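Survey of secondary and tertiary structure
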Amino acid sequence: MRKNCKPMNEADLLPFHIIEAASEGDVAAINAVLKHYEGYIASLSTRKLYDECGQPHYCVDETLRRRLETKLITKILQFKTA
Amino acid sequence: MEQSSSSKESTIRHQFDWICKLALKGEVADYHKHLAYRQKHEVTLSELSKKELSKLFTMDEYSVENHCFQVLGYDVEVKDALIAEALQTLSEKKRNVILLSYFMEMSDAEIAREMNLVRSTIHEHRKRSLELLKNIMEGSTDEKEL
C-alpha cells in the first residue's frame, strides 16, 4: 500500500547486502548508509535564518545534522533484517 | 504464503528506507520542539532584573565582621562599620537608647521601663544622639573624601 501512495524507484533504495551488514554493525556499511541519506539529512537540517537586515539565509544547522546522524545510526543498529 | 527471496529482500529494503526516513523526520520535530522550549524559557543574564539576578548568588555573613554591642542582656549586631564606629563614640546611655529603639525596634515607653527612666528623657536622648551620630558620620565621610 505504501508503495502505491509513494512510488519508489528500486534504484533509490540501498542494496540488501549493505542493509544487512549495517544492521550487524559493519562500519563500512554504516558509513555507506549515512552517505546514502546524507542529502536527505542535509535538507532536513537546513534552516532559514535572518541576518540583522532581515535578509533570509539558508544554513545547515550543524547541531541538528549531528543529531540526525546519531539517530540514524541508532536506527540502523536496531534494524532486524530477519 | 511463501515469498520469493528477491521480493522479501525488496520488502526489507523498503522497510529500512521507511524506518530511517520516519526516524529522521521524528528527530527533526523533536529538535524544533526543543528549540521552541528553549526560546520560551531561556533568558540572557543581561536581561534579568536585579531581583532575579540576586537570587543566583548568596553572600556569606560572618558575625566576626559585625560589631557587637551588649544592651541590657541583648546582643545587638551592627553590620555597617561606619555606624558601629559612630556608635562607639557615644556615651553608653545614649548608645543604648539608639540600639534599643532602632535595632531592637522598641518604643520609647518600653525603653523607659527597661532603663528605669522617664519616657521624655528617652525621647530627648534619642534626639540628641541622632544629631551627634549625624555629626560624627558626616565628619568621618568628609575625612574620607578629603
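Residues numbered from 1 in each chain as written. Chains lettered and ligands numbered in written order. Predicted model: local features only at pLDDT ≥ 70, side-chain atom pairs only at ≥ 80, totals over all residues. Heavy atoms only, no water.

1. Comments concerning the overall build of chain A
A tally of regular secondary structure across chain A gives four helices and two strands. Going residue by residue from the N terminus, the α and β elements of chain A occur as α-α-α-β-β-α. In chain A, which comprises 82 residues, the share counted as buried stands at 28%. Considering only intrachain contacts with a sequence separation of at least 6, the fraction spanning at least 24 residues in chain A is 40%. Accessible area of chain A: about 5500 Å², with a carbon and sulfur share of 55%. (Helix = DSSP H or I, 4+ residues; strand = E, 2+ residues; numbered from the N terminus. Buried < 20%, exposed > 50% of the residue type's maximum accessible area, 1.4 Å probe, protein only. Contact = heavy atoms within 4.5 Å. Areas by Shrake-Rupley, 256 points an atom, 1.4 Å probe, with all protein chains shown as cover.)

2. Some words on the overall build of chain B
Looking only at helices and strands, one finds six helices and two strands in chain B. Ordered by position from N to C terminus, the α and β elements of chain B give α-α-β-β-α-α-α-α. For chain B, buried positions account for 27% of its 146 residues. Residue pairs in contact within chain B that sit at least 24 positions apart in sequence constitute 46% of those at least 6 positions apart. Accessible surface, chain B: about 10900 Å² in total, of which carbon and sulfur atoms supply 52%.

3. What about the packing of helix α3 (residues 27-44) of chain A against helix α1 (residues 5-41) of chain B?
Packing of α3(A) against α1(B) brings their axes to within 11 Å, and their N-to-C directions diverge by 35°. Relative to α1(B), the crossing made by α3(A) is right-handed. Mapping the contact onto sequence places Val33(A), Tyr37(A), Tyr40(A), Ile41(A) and Leu44(A) in α3(A) and Phe16(B), Asp17(B), Cys20(B), Lys21(B), Leu24(B), Lys25(B) and Val28(B) in α1(B). Considering only residue class, the contact of α3(A) with α1(B) consists of nine nonpolar, no polar and three charged. (Axes fitted to C-alpha atoms, helices over the stretch in contact; angles between N-to-C directions. Left-handed = near helix turned anticlockwise from the far one by under 90°. Nonpolar A, V, L, I, M, F, W, Y, C, P; charged D, E, K, R; others polar.)

4. Observations concerning the confidence of the model for chain A
Confidence in the prediction for chain A averages 85 pLDDT; 89% of positions are at 70 or higher. Note on residues 1-5 of chain A: pLDDT is under 50 here. Beyond four places in sequence and across chains, it has three contacts. (pLDDT = per-residue confidence, 0-100.)

5. Some points on the packing of aromatic side chains
A complete count under the given rule lists one aromatic pair over all chains for this structure. Ring centres of Phe79(A) and Phe16(B) lie 4.9 Å apart, and the angle between their planes is 80°; this geometry places the pair in the edge-to-face category. Here Phe79(A) is found in the segment after α4 (62-78), whereas its partner Phe16(B) is found in helix α1 on a different chain. Per residue, the accessibility class of Phe79(A) equals that of Phe16(B), and both read buried. Lys21(B) extends its terminal NZ or CZ atom over the ring of Tyr40(A), reaching a point 5.7 Å from the ring centre. (Phe/Tyr/Trp six-rings, centres within 6.5 Å; stacked < 30°, edge-to-face > 60°. Lys NZ or Arg CZ within 6 Å of the ring centre and 35° of its normal.)

6. A few points about the nonpolar core
Leu14(A), Val33(A), Tyr37(A), Leu68(A), Leu72(A), Ile76(A) and Phe16(B) are the most contacted members of the largest nonpolar core, which has 23 residues in total. Tallying contributions element by element places α3(A) first for this core, with seven residues. Beyond its immediate chain neighbours, meaning those up to four positions away, Leu72(A) contacts Leu34(A), Tyr37(A), Ile41(A), Cys20(B) and Leu24(B). One finds Val78(B), Ala84(B), Leu87(B) and Leu99(B) within the second-largest nonpolar core, a separate group that totals 18 residues. (Core = buried A, V, L, I, M, F, W, Y, C linked by side-chain atoms within 4.5 Å.)

7. Quick word on the confidence of the model for chain B
Reading predicted coordinates in detail is not appropriate for stretches of low pLDDT. Residues and elements named next belong to chain B. Mean pLDDT over chain B: 79, with 87% of residues reaching 70 or higher. Here strand β1 (residues 67-71) is the element of chain B with the lowest mean pLDDT, 70, and α1 is the one with the highest, 90. Here the predicted complex scores 0.53 on pTM and 0.79 on ipTM.

8. Points about the interface of chain B and chain A
With 22 residues of chain B at the contact, the number on the chain A side is 27 residues. Here chain B meets chain A over a buried area of about 2700 Å², counting both sides, of which 70% is carbon and sulfur. With a shortest N-O distance of 3.1 Å, Glu27(B) and Arg67(A) are connected by a salt bridge. (Buried area = accessible area lost by both parts, 1.4 Å probe. Salt bridge = Lys/Arg side-chain N within 4 Å of Asp/Glu carboxyl O.)

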